[in-house]
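Secondary and tertiary structure notes
Chain by chain, the residues run as shown.
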Amino acid sequence: MTSYLIIGIAAAIYLLFRLWYYGLGRKASPEFIDSTLQALQQKNIDETRITYIRTLLEQDDGKDLVMANLLNLKQPIAESRAKLMQYSKTFLGGALKRATHPVAMATSITGNVESLNATESDEWRSVFLVRYRSRTDMAKILLETFDSPHHDLKLDALEKTIGYPASASSILGGIKALVPMVIALSAALLHIILV
């Protein structure tokens, strides 16, 4: 009886995790797309960016995605890094409820080692990858972020930045693999102790 109870609890925890992490796989509705684009226009977002967001939402596949952010901090670097960290804490604190989290962060060691049809100004000092559960979640987070007080911290910290969405299909391991392994290991240890 104890074994079945442990297995049942482990399965329930995993199902709750899966529901939170993957969501229901719903695609953005036409109504949501229209209301999102109207809200972005009211926030005076550049029309080119709005067009990209429209395309992103209209081609929604209901799956997760990664936002690749290329960053250059303003001088002095230490002060800008502190502002960016403060922004990140606020941003990610609210984003976690939608299973949005960092995937990777890296800082360059030197300038571009390889460059094709690029100028010196195209060099980037940091890359920050953030996983979003869905395009709908990303749009909601963008609406909450633009013009918010913590977004000003990001703008004050950055000399320049580019952010573009990318398919998350090539991300290996991470939370997707770690959580099921931890649940299975915990259930196995509990089984050894109690049975």
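Calculation notes
Residues numbered from 1 in each chain as written. Predicted model: local features only at pLDDT ≥ 70, side-chain atom pairs only at ≥ 80, totals over all residues. Heavy atoms only, no water. Helix = DSSP H or I, 4+ residues; strand = E, 2+ residues; numbered from the N terminus. Buried < 20%, exposed > 50% of the residue type's maximum accessible area, 1.4 Å probe, protein only. Contact = heavy atoms within 4.5 Å. Pairing = 2+ DSSP bridges. Axes fitted to C-alpha atoms, helices over the stretch in contact; angles between N-to-C directions.

1. A look at the side chain of Thr-36
Counting through the fold element by element, Thr-36 comes out in helix H2 (residues 30-42). Given a relative accessible area of 1%, Thr-36 falls into the buried group. Those residues in contact with Thr-36, other than ones at most four positions away along the chain, are Leu-57, Ala-139 and Leu-143.

2. Side note on unusual backbone geometry
A negative phi holds for most residues other than glycine; trans holds for most peptide bonds. Here the amide bond leading from Gln-75 into Pro-76 is cis, since omega sits at -5 degrees, within 30 degrees of zero. Even without being a glycine, Ala-99 presents a positive backbone phi close to 55 degrees. Structurally, Ala-99 can be placed in the loop between helix H4 (77-95) and strand S2 (101-107). For Ala-99, a relative accessible area of 0% corresponds to the buried category.

3. Description of the sheet that holds strand S1 (residues 65-73)
Strands pair in a sheet through their backbones, by hydrogen bonds, and they do so in one of two ways: parallel or antiparallel. Read across the sheet, 4 strands follow the order S2-S3-S1-S4 without closing on themselves; strand pairing throughout is antiparallel. Lying at the two open borders of the sheet, with one neighbouring strand each, are S2 and strand S4 (158-167). Ignoring which end each strand starts from, the neighbouring axes of this sheet average 15 degrees apart. When S1 meets strand S3 (residues 126-132), the two strands line up antiparallel, connected through 7 bridges. Among the inter-strand pairings, Leu-65 is bridged to a residue of S3, identified as Tyr-132.

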